[in-house]
Structures are given as C-alpha cells and as structure tokens.
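So the chains spell out like this:
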Amino acid sequence: LAQLNKLAEAAGKLYLGSATDNSELSNSSYLAIISDTDEFGEITPGNGQKWQYTEPSQGTFSYTSGDQIVDLAEANGQLVRCHTLVWHSQLPSWVSSGSWTTAQLTSIIQTHIANEVSHYKGQCYSWDVVNEALNEDGTYRTSVFYTVLGTDYIPIAFEAAAAADPAAKLYYNDYNIEYSGAKHTAAVGIIDLIQTAGAKIDGVGLQAHFIVGSSPGQADLTNVLKAYVAAGVSEVAYTELDIRFTTLPYTAAGLQQQASDYAAVTKACLAVNECVGITIWDFTDKYSWIPSTFAGQGGACLYDENFSKKPAWTTVSSILAAA
Ligand code: G3I
C-alpha cells in the first residue's frame, strides 16, 4: 500500500499531515516517519506557537520551539498549518488575569498577532486564528477575550492576522463542530460574524477528536463540511483527527471499528472539493495527548506505540488509493 500524503495528493487534496512536538523529534524512528513527505505533506506544531510560549510576558517574544518545527517542515518540503493565535488555553497569566479595558486588550491581541504572524510570514500555509471560542451548547465560551470584548475579539484577531500575512489562509478551528447540532450552527455563525465585520476568513478547521464506535457518520460529516462552504469559506479541513478508545487495551474488533470510523472521515473529506486535507493529531499512540488528558484512554492514532501501522492506516490508505 502506498503512503498517505502521496495518495491524498493524487486524489486531489493538498495534503495529509500530522501534528508534532519538539520533544518527539529527538526520537530518530519518529523523526524519519514525520519527515517522510510521501507519508505526511503537512505538519502542525502541537504546542510551540501557542501564546504561552511565544509571548510569555508582555512584549517578550520567543519563537524557538515553533521555529524548530517550521524549519523542519521547510527542510522537508512540507506545508505548515500554524497553530494557534487566540485561545483561552495555554494563555499566559499576564493576559488571562489582567483587568483590561477594551482598548488595552484589543491592542494586546493586535500586537501579539502582528508580531507572531509577521515572524512566520510566508511560512504558514494557514493560521488557526481563533481556537475553540464556543461552548457545547453553541454559546460563547467565557474567557478574558469574551469577557472584555464580547464577540468583537474574533474579527479583531482575523483582521490583524490578514494584515500581517495576507497570503496565509485564516481559519476558525474548533472541536465537536464536525457534525450537526448547536455547536456546528454556532460555528457557521462565526463565519458570518467575521464577514459582517468586514474581515477575511478562509476556512473552518474541524478538529475531529472522536471516540471509537461513536464517531459521526459519513453523511452527516459531509453535509456539515458543505454547510461551512455554503456559509462562505473557500476551504475546510480536518485539523486534529484522532479516534480514541475509552477502554484499553483495545481488541482486534475494536481496531476494525476504529478503521471504519477513520474511513468515514476520509470519505467525507474526499466527497467535498473544498476539503483541502486531513491532519492527524500526531501519528503515533506513543506521543498522543490523550492519555494525559483522559486517564486510561488512548490508542487513537494511525500508528501504535511501536510505530507499527494499525488497521486504520491500511483503511485510510486504501480509501485514498481508490479515490
Ligand atoms: O512544556 C512543559 C514542560 O516544560 C513540562 O516539563 C511538562 C510537564 O508536564 O509540561 C510541558 O507542557 C505540556 C505541553 O503540552 C507540552 O508538552 C503541558 O503540560 C500540556 O498540557 C500540553 O498539552 C497540550 C494540550 O494541547 C494543552 O491544552 C498537548 O500537547 C496538545 O496536543 C494539545 O493540543 C490541543 C490543540 O492545541 C487544540 N485542540 C485540542 C488539542 C488536544 O488537547
């Protein structure tokens, strides 16, 4: 079976990619796989470009971690989905615990984005400009941004990003917006909010952190992708795909179910021209974020902890090959 990115490109997609993180790059087996452009045509830095690392104190910028990954992708000839500019999490406390006026926080957002996006200008295929602004019921999540600026912080962020790198594709990125429901409807509303304010949004990023056996069906996934396009973005992408077991160890039957869950996502992206690609939220169970967040869960990736390909890898590869 041929490799994933090569097949995705042949099927008309821009990339099939993976998240990575700085500490993982010291594992030479890992580094060889993540650097293989036939397998992965795109990389997303899992942490290094987040505010906590890039502007840990006001006006002090640091790009060491992000640069390591962006430079690696550049050396390999891979695209980079840059991640992420405005997020309530991994936000340094100088931002989250300040008591700002609207003018102050606006300027803080603008300065952060101008500096970071300019630093990476020309190197980012796309930016996740705003990440996870919504609650599960479709209301806006409470954060320092929302508390001080209401929804205005969203267009403010998109405007600043567009000014700093007009060529980068600008995304709103969130989870549980991959299937129909209140949160999806609210994400459509964010496209409208940004465009009504006169700012540019190019894409919606659907994180796709799913659970084996209860992940959304292909028809609903496809309809939801199309709904974002109909609402006015020129592209959509699955940006953080992984499909986890809530009980471990997994069984052979479980791995088959996982493969068919991965298949539904792959087919949905293939069914929608504007779906530019799929990024898995790291390719190996060895470095998945899941066990440290959901104790006892995991097994979510296409490769196991020993870098062996799982049935889901074979299924994704066959589906791409048939496309
Ligand atoms: O950098 C410190 C290190 O100095 C310290 O020794 C170590 C000890 O715990 O922690 C390190 O920071 C960790 C960081 O990852 C880098 O490894 C944080 O504790 C840990 O919380 C952080 O987790 C990241 C998580 O976002 C934080 O919310 C995951 O790696 C990352 O995969 C995950 O990614 C998010 C996306 O950005 C947005 N969507 C959801 C997704 C999964 O949560």
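Predicted, not measured: the structure shown is a model, and the values here were computed from it. (Residues numbered from 1 in each chain as written. Predicted model: local features only at pLDDT ≥ 70, side-chain atom pairs only at ≥ 80, totals over all residues. Heavy atoms only, no water.)

Counting secondary structure elements, the protein contains 13 helices and nine strands. Computed over its C-alpha atoms, the radius of gyration of the protein comes to 19 Å, within 12% of the 20 Å expected for a compact globule of 323 residues. Within the protein, buried positions represent 56% of all 323 residues. Sequence separation of 24 or more characterises 79% of the internal contacts of the protein that already satisfy a separation of 6 or more. The positive charge centre, built from 15 side chains, and the negative charge centre, built from 33, are 5 Å apart in the protein. (Helix = DSSP H or I, 4+ residues; strand = E, 2+ residues; numbered from the N terminus. Rg over C-alpha atoms; globule rule 2.2 N^0.38 Å. Buried < 20%, exposed > 50% of the residue type's maximum accessible area, 1.4 Å probe, protein only. Contact = heavy atoms within 4.5 Å. Lys, Arg positive; Asp, Glu negative; His and termini not counted. Charge placed at Lys NZ, Arg CZ, Asp CG, Glu CD.)

This next bit is on helix 11 (residues 252-271). In this model helix 11 runs 29 Å from its N-terminal to its C-terminal C-alpha over 20 residues, within 8% of the 28 Å that 1.5 Å per residue would give. Looking at the buried positions of helix 11, the neighbouring elements they touch are strand 7 (209-211), helix 10 (218-231), strand 8 (235-244), strand 9 (275-280) and helix 13 (311-322). (Expected span 1.5 Å × (residues − 1).)

Lining the immediate surroundings of the ligand are 15 residues, of which Lys50, His83, Glu132, Glu240 and Trp281 lie closest. In the environment of the ligand, an oxygen atom lies 2.7 Å from a nitrogen or oxygen atom belonging to the side chain of Lys50. Take Tyr53: an N or O atom from its side chain is 3.3 Å from an oxygen atom of the ligand. For the ligand, whose accessible area on its own is 790 Å², the fraction buried by protein is 48%. A molecule is said to occupy a pocket when more than half its atoms come within 2 Å of that pocket's grid points, and by this definition the ligand occupies the largest pocket. Looking at the shell around the ligand residue by residue, the classes come out as four nonpolar, eight polar and three charged. (Near = heavy atom within 4 Å. Polar contact = N/O pair within 3.5 Å; in protein donor to acceptor, adjacent residues only side chain to side chain. Areas by Shrake-Rupley, 256 points an atom, 1.4 Å probe, with all protein chains shown as cover. 1 Å grid on protein atoms, 1.4 Å probe; cavity = no way out; pocket = protein on both sides within 12 Å on 5 of 7 lines; lining within 4 Å. Sits in = over half its atoms within 2 Å of the grid points. Nonpolar A, V, L, I, M, F, W, Y, C, P; charged D, E, K, R; others polar.)

Let's shift gears to the layout of surface pockets. Roughly 600 Å³ of internal volume is contained in the largest pocket. What lines the largest pocket is a set of 29 residues, and nearest its centre among them are Gln207, His209, Glu240, Trp281 and Trp289. For the lining of the largest pocket, the element with the most residues is strand 7, which contributes three residues. (Points joined across faces, edges and corners; volume = space filled by probe spheres on them.)

Counting through the fold element by element, Ser288 comes out in the loop between strand 9 and helix 12 (290-293). As a C-alpha pair, Ser288 and Phe307 span 19 residues in sequence and 12 Å in three-dimensional space.

The step from His83 to Thr84 runs through a cis peptide bond, and the omega angle for that step is 0°. Inspection of the secondary structure puts Thr84 in strand 3 (residues 79-86). Following Leu248, the chain continues into Pro249 via a peptide bond in cis, with omega recorded as 0°. Note that Pro249 resides in the loop between strand 8 and helix 11. If you check the backbone angles, Asp282 has positive phi at about 80° while not being a glycine. Within the secondary structure, Asp282 is located in the loop between strand 9 and helix 12. Residue classification places Asp282 among the buried positions, given a relative accessible area of 4%.

Let us now look at the environment of Phe61. Along the chain, the position of Phe61 falls in the loop between helix 3 (51-54) and helix 4 (64-76). Judged by its relative accessible area of 23%, Phe61 is partly exposed. Sequence separation of Phe61 and Glu116 is 55 residues, and the distance between their C-alpha atoms is 8.1 Å. Excluding residues within four positions of it along the chain, Phe61 makes contact with Thr54, Glu55, Thr111, His112 and Asn115.

Further remarks concern the confidence of the model for the protein. The predicted coordinates of low-pLDDT regions are not to be read in fine detail. Overall, the predicted model of the protein reaches an average pLDDT of 98, with 100% of residues at or above 70. Across the whole predicted complex the pTM is 0.98, and at the interface the ipTM reaches 0.95. (pLDDT = per-residue confidence, 0-100.)

Turning next to the state of the cysteines. Following the criterion strictly, the structure yields two disulfides and no others. Disulfide pairing places Cys82 opposite Cys124 at an S-S distance of 2.1 Å. Negative torsions about the S-S bond denote left-handed disulfides, and the value of about -85° found for Cys82 with Cys124 makes this one left-handed. A residue pair is termed long-range when its members are at least 10 positions apart, and Cys82 in strand 3 and Cys124 in the loop between helix 6 (102-119) and strand 4 (126-131) qualify at 42 residues. Cys82 gets classed as buried once you look at its relative accessible area, which sits at 0%. If the cysteines joined by disulfides in the protein are listed in sequence order, their pairing comes out as 1-2, 3-4. Of the cysteine sulfurs around Cys301, a residue in no disulfide, the closest is that of Cys269, at 18 Å. (Disulfide = S-S within 2.5 Å.)

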